[in-house]
Amino acid sequence: MAGAAGPGTGPGAAGGDGDDSLYPIAVLIDELRNEDVQLRLNSIKKLSTIALALGVERTRTELLPFLTDTIYDEDEVLLALAEQLGNFTGLVGGPDFAHCLLPPLESLATVEETVVRDKAVESLRQISQEHTPIALEAHFVPLVKRLASGDWFTSRTSACGLFSVCYPRASNAVKAEIRQHFRSLCSDDTPMVRRAAASKLGEFAKVLELDSVKSEIVPLFTNLASDEQDSVRLLAVEACVSIAQLLSQEDLEALVMPTLRQAAEDKSWRVRYMVADKFSELQKAVGPKITLNDLIPAFQNLLKDCEAEVRAAAAHKVKELCENLPPEGRETIIMNQILPFIKELVSDTNQHVKSALASVIMGLSTILGKENTIEHLLPLFLAQLKDECPEVRLNIISNLDCVNEVIGIRQLSQSLLPAIVELAEDAKWRVRLAIIEYMPLLAGQLGVQFFDEKLNSLCMAWLVDHVYAIREAATNNLMKLVKKFGTEWAQNTIVPKVLVMASDPNYLHRMTTLFCINALSEACGQEITTKQMLPIVLKMAGDQVANVRFNVAKSLQKIGPILDTDALQEEVKPVLQKLGQDEDVDVKYFAQEALSAVAQRLRKLDSPAKDGEEPSAPGADKNHFLRPGGPGEDTGKFVPLMSRHTESERLGWFLRRQ
């Protein structure tokens, strides 16, 4: 525990000389020993403040030994300590004294909790860059050796992350020792250590000389790729990318490819999954020749793998694989060696595989061109649009612009649009909802003329859907369409159809008219709102259904800021006053809310005063805030001065009074 240190130990004498300015520092230091975890954590996070107050010498001689001795603590405290020490070089006297930070970090790199060890290794890597080559060999390399030969696997796993940062600046003799230690860890008895070594193999290979890569790293890679633990083998696949980038084509073929072929057919699906996931990077690393001879056949096997997770990972890489193929002969390779397997995946039994393919397949159209897209890809797109899985259908719809650029809008409408219309009328409301959300995207791709011909009627039909969520989404959809196509289009095409619904026998549809007006008013502007929409809203104030009437009040409040003074004063206000006398409680409430908002709007329009200021006439009563509201805003309640102010304003007033 951090409280194990006695009162006479550590840097606790910081405030002992009677200097009051150091008292807060003394408190922080005392909190380092406190039994409360949160207090210790807070103090650790302010460690730099303590170090600044103590000075560089006392930080080195007192604070760091204290921290090293009291390293046994809660994991969150140790994590904060490991993070703080990484930025401590300037607080111990600069790079010449950076080695003083190594003992506590070495202890932290051996603890059981993984996140603490990882953070300690990260800080050690950061500090290693601040060591001179001499100090590195004198202090840092011995630390790495101690960790690499530690009794517990925790220290050996931490050592794996430190070889690559100290190797480049070490002497040749020390480099040989470092390589030897890394070889030992790659064949360690503990799987966790071999996993750590495999995860750092590629990073270590990048800093080694080419001869050492061939003679030492490649054999290590081969051994790790055939390890008995699949968790080690899959990490070796990741290292393969870095190793392949360093070798020539001849060396790759002879040294790496046999192992990579073996990994692509590994008995563990996790290893095959890693090959599929890293396929694009492997393809770039090995070059076009090996890709055609070895990787394409391997990719075909991954696309028809017995495990769905592997097929899904490979399907995700289809587009990248095709893009990275050499331009010469690319089309032929895709058509003959990739497309047949893609056709099988379109009807795969697993929805995740089909969804992964749907997210990338549209991109092939730009690679294969118009004729191949129409002949070979369009039937696949159509099949996926009719798939029972909504995610598959949506992935196709969201990428329609790729196909539109290649085959043109007319061809697209004849082939894919009927399927989209079918989805828009799907029995499942969630499917319809998803199509609505993609409608603005489709509208932008198809253009206004085509949209009016094919999809406008769909958008209007959604407004009278029996599910509220669909009606709400359709209302928001109209607003987005108006922003895309402009107010003139709205005035001629949308607004008349919306206003007709105001006389619909179903009160839900009449309410939808009000919701549409709320959404469209801002996009359409003052003229259309005043001349076309406002008369309908005012007429609906006499509706027999109370729900419609109080939504009229809410609509008038919503469109009020768009209307001019005359419309508000002569048309809106009388109707709201009438609704304020309604027999229904909710109608009265929303009418009074709207009246208050309209009155405020009128004051802003009529008064030259700045926003937020109350206009005051000469000789006006200074205590006017104590009175009820004036005409048009009478709430029937007494409104005291202090209730008009925010909580912070009242608190400030109270403090000033004290």
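Residues numbered from 1 in each chain as written. Predicted model: local features only at pLDDT ≥ 70, side-chain atom pairs only at ≥ 80, totals over all residues. Heavy atoms only, no water.

Bringing the packing of helix α8 (residues 133–148) against helix α11 (residues 172–186) into the picture now. One can describe the packing of α8 onto α11 by two numbers: an axis separation of 10 Å at closest approach and a directional angle of 20 degrees. Here α8 lies roughly parallel to α11, going by the angle between them. The element α8 and its partner α11 pack so that their crossing is left-handed. Within the contact between the two elements, α8 uses E137, V141, K145 and A148 and α11 uses V174, E177, H181 and L185. Tallied by class, the residues present in the contact of α8 with α11 amount to four nonpolar, one polar and three charged. (Axes fitted to C-alpha atoms, helices over the stretch in contact; angles between N-to-C directions. Helix = DSSP H or I, 4+ residues; strand = E, 2+ residues; numbered from the N terminus. Parallel < 35°, antiparallel > 145°, perpendicular 65-115°, else oblique. Left-handed = near helix turned anticlockwise from the far one by under 90°. Contact = heavy atoms within 4.5 Å. Nonpolar A, V, L, I, M, F, W, Y, C, P; charged D, E, K, R; others polar.)

Let's shift gears to the pattern of salt bridges. For side chains of opposite charge, pairing can occur when their charged atoms come near one another. Under the defined criterion, the tally for this structure stands at 24 salt bridges. In this structure, R58 engages E62 in a salt bridge whose closest nitrogen and oxygen atoms are separated by 3.0 Å. Highlighted residues: R58 and E62, both in helix α4 (residues 56–69), separated by four residues, approximately one helical turn. Members of the salt-bridge network, linked through shared partners, are R179, R183 and E216. (Salt bridge = Lys/Arg side-chain N within 4 Å of Asp/Glu carboxyl O.)

This part covers a negative patch on the surface. A grouping of E74, D75, E76 and E112 is seen on the molecular surface, where their side chains present a negatively charged patch. You can see E74 is positioned in the loop between α4 and α5 (75–85). (Patch = residues over 30% accessible without salt bridge, like charges linked within 9 Å, V, L, I, M, F, W, Y side chains within 5 Å. Areas by Shrake-Rupley, 256 points an atom, 1.4 Å probe, with all protein chains shown as cover. Lys, Arg positive; Asp, Glu negative; His and termini not counted. Charge placed at Lys NZ, Arg CZ, Asp CG, Glu CD.)

Evaluated as defined, the whole model comprises two cavities of 30 Å³ or more. Taken as a whole, the second largest cavity encloses approximately 50 Å³ of empty space. In terms of lining residues, the second largest cavity is bounded by M257, L260, R261, A264, V275, F279, L282, D294, L295 and A298. Considering every element that reaches the lining of the second largest cavity, the biggest residue donor is helix α15 (residues 249–264), with four residues. Looking at the lining of the second largest cavity, its residues break down into eight nonpolar, no polar and two charged. (1 Å grid on protein atoms, 1.4 Å probe; cavity = no way out; pocket = protein on both sides within 12 Å on 5 of 7 lines; lining within 4 Å. Points joined across faces, edges and corners; volume = space filled by probe spheres on them.)

This part covers the side chain of D543. Tracing the sequence through the fold places D543 in the loop between α34 (526–539) and α35 (546–559). Side chain to side chain, D543 and R510 meet in a polar contact 2.7 Å long. Within polar-contact distance, the side chain of D543 engages the backbone nitrogen of V545 at 2.8 Å. (Polar contact = N/O pair within 3.5 Å; in protein donor to acceptor, adjacent residues only side chain to side chain.)

Throughout the structure, instances matching the rule amount to eleven aromatic pairs. Geometrically, the ring pair formed by F163 and F204 is tilted, given 6.0 Å between the ring centres and 55 degrees between the ring planes. Taken as a pair, F163 in helix α10 (residues 163–166) and F204 in helix α12 (residues 191–207) lie far apart in primary sequence, 41 residues in all. Comparing F163 with F204, the two get one shared label, buried. Grouped by ring-pair contacts, the aromatic residues F163, Y167, F182 and F204 constitute a single cluster. Looking at R60, its charged tip hangs above the ring of F97, at a distance of 3.8 Å from the centre. (Phe/Tyr/Trp six-rings, centres within 6.5 Å; stacked < 30°, edge-to-face > 60°. Buried < 20%, exposed > 50% of the residue type's maximum accessible area, 1.4 Å probe, protein only. Lys NZ or Arg CZ within 6 Å of the ring centre and 35° of its normal.)

Burial runs high along helix α19 (residues 308–316): seven of the nine residues are buried. Structurally, α19 contributes buried residues whose contacts are with α16 (269–277), α18 (288–303), α20 (318–324), α21 (330–346) and α22 (351–361).

When the pLDDT values of the protein are averaged, the result is 81; 86% of them are 70 or greater. Looking across the protein, the model is least confident in helix α38 (residues 647–657), with a mean pLDDT of 38, and most confident in α19, with 94. Under a pLDDT of 50 for its full length, residues 1–10 has, in the predicted model, 18 contacts with residues more than four places off or in other chains. Throughout residues 12–21 the model reports pLDDT below 50, and contacts reaching past four residues in sequence, or to other chains, amount to ten contacts. (pLDDT = per-residue confidence, 0-100.)

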